[in-house]
Amino acid sequence: MSAVANPATVAECLRMGAGFSQGDRNWIVEQFGTLDARLAAFHADATELEVSVKDREARGQKVTLECWIAGRQKIVTTSNEEDLRAALNDARDDLRRRLNDAKTRQEPRHNKHVREMGQPAPEQAGDPDPERADAETA
């Protein structure tokens, strides 16, 4: 995995949606802190998180955590846990699992050498010896 100049963090990328106030932000960032290691592979300016809750602290509340990463499909996780902290943790854990799954899908599966050594460098545009190229294709 290549290093990212400005890695995404929960503190930098999290927006508070419906049902939460800015006063809730610090403890939610603390709850979601374990996502930082997973998000670090992405650029902060290309990553957004939004957490919202419907019917907060009422029976049947629903916490939604959405994640947008440039060049990827939006990931939405939800939880119907009755305890707000448990619902946030459930949504967070599901997002971490889905980010891991997305990363796994992008890695080469059937070529152990490519997985371990990385993708080969693209060949140079022009072959300096055109006769050699013709001999190889003949």
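Anything mentioned here points back to the structure above.
Residues numbered from 1 in each chain as written. Predicted model: local features only at pLDDT ≥ 70, side-chain atom pairs only at ≥ 80, totals over all residues. Heavy atoms only, no water.

A. Focus on the side chain of Thr47. Relative to the assigned elements, Thr47 resides in strand S2 (residues 47-54). At 2.8 Å, the side chain of Thr47 forms a polar contact with the backbone oxygen of His43. Look past the residues within four positions of Thr47 in its chain and what remains in contact with it is Ala8, Cys13, Leu39, Phe42, Trp68 and Ile69. (Helix = DSSP H or I, 4+ residues; strand = E, 2+ residues; numbered from the N terminus. Polar contact = N/O pair within 3.5 Å; in protein donor to acceptor, adjacent residues only side chain to side chain. Contact = heavy atoms within 4.5 Å.)

B. How the structure looks around the nonpolar core. Leu14, Phe32 and Val51 are the most contacted members of the largest nonpolar core, which totals 27 residues. Mapped onto this core, the elements with two or more residues apiece are helix H1 (10-13), strand S1 (14-16), helix H2 (25-31), S2, strand S3 (62-69) and helix H4 (84-106). Among the elements that line this core, the one with the most residues is H4, at 6 residues. (Core = buried A, V, L, I, M, F, W, Y, C linked by side-chain atoms within 4.5 Å. Buried < 20%, exposed > 50% of the residue type's maximum accessible area, 1.4 Å probe, protein only.)

C. Spotlight on unusual backbone geometry. Backbone geometry places Asp55, a non-glycine residue, at a positive phi of 60 degrees. The residue Asp55 is located in the loop between S2 and S3 in this model. Under the relative-accessibility criterion, Asp55 is labelled partly exposed at 45%.

D. Fine view of the sheet that holds strand S4 (residues 75-79). If you trace the 4 strands from one edge of the open sheet to the other, you get S1-S2-S3-S4, paired in mixed fashion. Of all the strands in the sheet, just S1 and S4 have a single pairing partner and so form its edges. Going across the sheet, the axis of each strand differs from the next one's by a mean of 20 degrees, ignoring polarity. As defined by bridge partners, S1 adjoins S2 across 3 bridges and the pair is classed as parallel. Among the inter-strand pairings, Arg15 is bridged to a residue of S2, identified as Glu50. (Pairing = 2+ DSSP bridges. Axes fitted to C-alpha atoms, helices over the stretch in contact; angles between N-to-C directions.)

E. A look at the environment of Arg92. Here Arg92 lies in helix H4. Apart from residues lying up to four places away in sequence, Arg92 is in contact with Gln31, Phe32, Thr34, Leu35 and Leu65. Among the polar contacts listed, one links the side chain of Arg92 to the side chain of Asn89, at a separation of 3.2 Å. Among the polar contacts made by the side chain of Arg92, one reaches the side chain of Asp93 at a distance of 2.9 Å.

F. Representation of the pattern of salt bridges within the structure. Per the stated rule, a full pass over the model turns up 8 salt bridges. Where Arg56 meets Asp24, a salt bridge forms, and the shortest distance between an N and an O atom there is 2.8 Å. With Arg56 in the loop between S2 and S3 and Asp24 in the loop between S1 and H2, the pair connects residues that are 32 residues apart, well separated along the chain. Overall, Arg56 belongs to the partly exposed group, its relative accessible area being 30%. Measuring nitrogen to oxygen at the nearest pair gives 3.0 Å for the salt bridge that ties Glu66 to Lys74. Taking relative accessible area as the criterion, Lys74 reaches 43% and is therefore assigned partly exposed. Taken together, the shared-partner salt bridges in this structure form one network comprising Arg15, Glu48 and Glu50. (Salt bridge = Lys/Arg side-chain N within 4 Å of Asp/Glu carboxyl O.)

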